[in-house]
Amino acid sequence: MEIRSSINFHDERFLMFVLDQMANELERNGGEAIRMTLGKSEMPLHPEIINSMQQSLNSFEKYSLVYPGGLPELKDKLATHYKTKYDVSIKPENFVISVGTSTLFRNLFYLLLKEGDEVLLPLPYYSLYHFCALLVGAKVRYYKIDMDTLRLDVESFKENFTDKTKVVVINTPGNPLGNILTKDELYTIDGIVDGRAAIINDEIYANTYFDDECESVMQLKNTKSTFITTDAFSKAYRMYSRRVGYAIVPDELVQPLTVIQHHTLLTADPVVQFGAMAALDYQHEVDHLVQLYKGRRDYTIDAFQNVEDVRALPARGSFYFTLDCEAFMKRKGISTSLELATQIFEATHVATVPGSDFGIPNTLRLSYSAAKYNEGINRLREFFTTT
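Predicted, not measured: the structure shown is a model, and the values here were computed from it. Along each chain, residue indices are assigned from 1 in the same order as the chain's sequence is written. Local features are withheld for residues below a pLDDT of 70 in this predicted model, meaning they are given only at 70 or higher, and side-chain atom pairs are given and counted only at 80 or more; totals for whole chains, interfaces and linings count all residues. Note that water and hydrogens are dropped before the side-chain values are worked out from all heavy atoms of the structure.

**Describing the pairing of strand 6 (residues 198-202)**
Then, in step 1: Strand 6 sits mainly inside the fold: five of its five residues count as buried.
Then, in step 2: The alternating pattern of strand 6 places Ala198, Ile200 and Asp202 and Ile199 and Asn201 on opposite faces, both of which are buried.
Then, in step 3: Strands are treated as partners if at least two bridges between them are detected by DSSP. Secondary structure elements are taken from DSSP: a helix is a run of H or I of four residues or more, a strand is a run of E of two residues or more, and numbering for both begins at the N terminus. Where strand 5 (residues 165-171) and strand 6 come together, five bridges link them in parallel fashion. The residue of strand 6 that forms the bridge with Asn171 is Asp202.
Then, in step 4: Seen with its strands pointing away from the viewer, a crossover is right-handed when the path leading from the first strand over the helix to the second is clockwise. Considered for its hand, the β-α-β crossover made up of strand 5, helix 8 (residues 183-193) and strand 6 is right-handed. Only protein chains enter the accessibility calculation, which uses a 1.4 Å probe; a residue is then buried when its area is under 20% of its type maximum, exposed when over 50%, and partly exposed in between.

**Examining the sheet that holds strand 7 (residues 227-232)**
Then, in step 1: Taking strand neighbours across the sheet as the criterion, the seven strands line up as 2-8-7-6-5-3-4 in an open arrangement whose pairing is mixed. Pairing within the sheet leaves two strands with one partner each, and these edge strands are strand 2 (95-98) and strand 4 (139-144). In this sheet, adjacent strand axes meet at a mean angle of 20 degrees when their direction is disregarded. Here an angle of 0 to 180 degrees is reported between the N-to-C directions of two axes, which are lines fitted to C-alpha atoms, with helices fitted over the stretch in contact.

**Notes on the environment of Asn378**
Then, in step 1: You can see Asn378 is positioned in helix 14 (residues 373-386).
Then, in step 2: Using a relative accessible area of 27% as the deciding quantity, one classes Asn378 as partly exposed.
Then, in step 3: Put simply, Asn378 and Ala312 are 66 residues apart on the chain and 14 Å apart in space, counted from C-alpha to C-alpha.
Then, in step 4: A polar atom in the side chain of Asn378 sits 3.3 Å from the side chain of Arg381. N or O atoms closer than or at 3.5 Å make up a polar contact, with two conditions inside protein: a donor-capable atom paired with an acceptor-capable one, and, for residues adjacent in sequence, both atoms drawn from side chains.

**Concerning the domain arrangement of the chain**
Then, in step 1: As far as domains go, the chain holds domain 1 (15-32 + 284-386) and domain 2 (65-282).
Then, in step 2: An automatic or database domain assignment is the source of the domain bounds shown. Each of domain 1 and domain 2 has a C-alpha centre, and the two are 26 Å apart.
Then, in step 3: In this assembly, 27 residues from domain 1 lie in contact with 27 residues from domain 2.
Then, in step 4: Once two parts are put together, the accessible area they lose, assessed with a 1.4 Å probe and summed over both, is termed the buried area. Summed over both partners, the interface of domain 1 with domain 2 buries about 2,500 Å², with 59% contributed by carbon and sulfur atoms.
Then, in step 5: Per-residue buried area on domain 1 facing domain 2 is highest for Val286, Arg316 and Phe358; these three make up 25% of the total on that side.
Then, in step 6: Put simply, a salt bridge is a Lys or Arg side-chain nitrogen that is within 4 Å of an Asp or Glu carboxyl oxygen. If you look at where domain 1 meets domain 2, you find four salt bridges. Any pair of residues with heavy atoms lying within 4.5 Å of one another is described as a contacting pair.

**Remarks on the nonpolar core**
Then, in step 1: Think of a nonpolar core as a cluster: buried Ala, Val, Leu, Ile, Met, Phe, Trp, Tyr and Cys residues, connected wherever their side-chain atoms sit within 4.5 Å. Counting 72 residues, the largest nonpolar core has Leu74, Phe95, Phe233, Phe304, Leu340 and Phe384 as its most contacted members.
Then, in step 2: It is helix 10 (residues 270-279) that provides the largest number of residues to this core, a total of seven residues.
Then, in step 3: For this core, the two domains that each supply at least three residues are domain 1 (15-32 + 284-386) and domain 2 (65-282).
Then, in step 4: For Phe95, the residues in contact, after removing those within four places along its chain, are Gly69, Lys75, Leu78, Ala79, Tyr82, Ile90, Tyr246, Ala247 and Ile248.
Then, in step 5: Leu181, Val217, Leu220 and Leu313 belong to the second-largest nonpolar core, a separate cluster that totals 28 residues.

Right under this line is the structure:
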């Protein structure tokens, strides 16, 4: 069967899943892996989230609800949440609910871009952004996050924003670096864009700040550009495989985005949406997770402080930590981050994510969400110091 696509699907593999599959195979054969791959919390859902979903499963009236744009009750509760937490007023109808944020990105790119348009992404980037651009045939440009300071490279943003740019993506805290865009940097971005492109703000890690006050881009005042925000319950609320995400969109995008879901989604599962409503009542659970992962961040920095040829980049938030392995790879003649991650897994049974997934091919990304995270860090440190 001929596949008619300009995309080379082998080259576009999400290498995170390649390493995760290695871990699957090891475990199926009786071994034990430490997974630093998926941003999927090791902690179970709060019992009240499970209870809410179980109650909805026992109610035909609830589990049979069909709302292509999401349950009105969840939209209302999200609007109240943003008012309480961030003191911003958002109309409930401006929330569009979907199965996580990945499908929302795909649909937003479809609505906002056509073949030949340009999209401006952060470098490093989350691979979803890059792949969605490929799907619509858009040209990708990048602005840099400085790997030394973990700050926005404003000059690279200015250089790569053009008259053809129709979409700009920002991500704070960032994946994979855990970098933070300051309010001054966000206003600088808005000033450069000056209303000439839509800014899609991926803030799925907005409630996992380690060293800064938890903020939302929605708090910016008097901006010149259209901001579209995406978020989900999969990270700090630990609902990874329950798949509830949302976009906050301006009035003119509500109907187009919802109509796409009419035809391609029909409805997000109401059962998990009731679970999401319950999750919003347990903010202290989010605080607990943030403190736990901050401790793991600090442990990683300390563990790699004196490891030659590997640089630990001090994330300020998100679920991830990045190791710059360029000097080590050069010394050992390792040509790709996939080759490095494979060697590490074979030697230590620790699964990491090749940095090629994010446009930084001499790095590894580590997810804090491994139950034996610190042991995994110890194994990685031994690998890099004894190999």
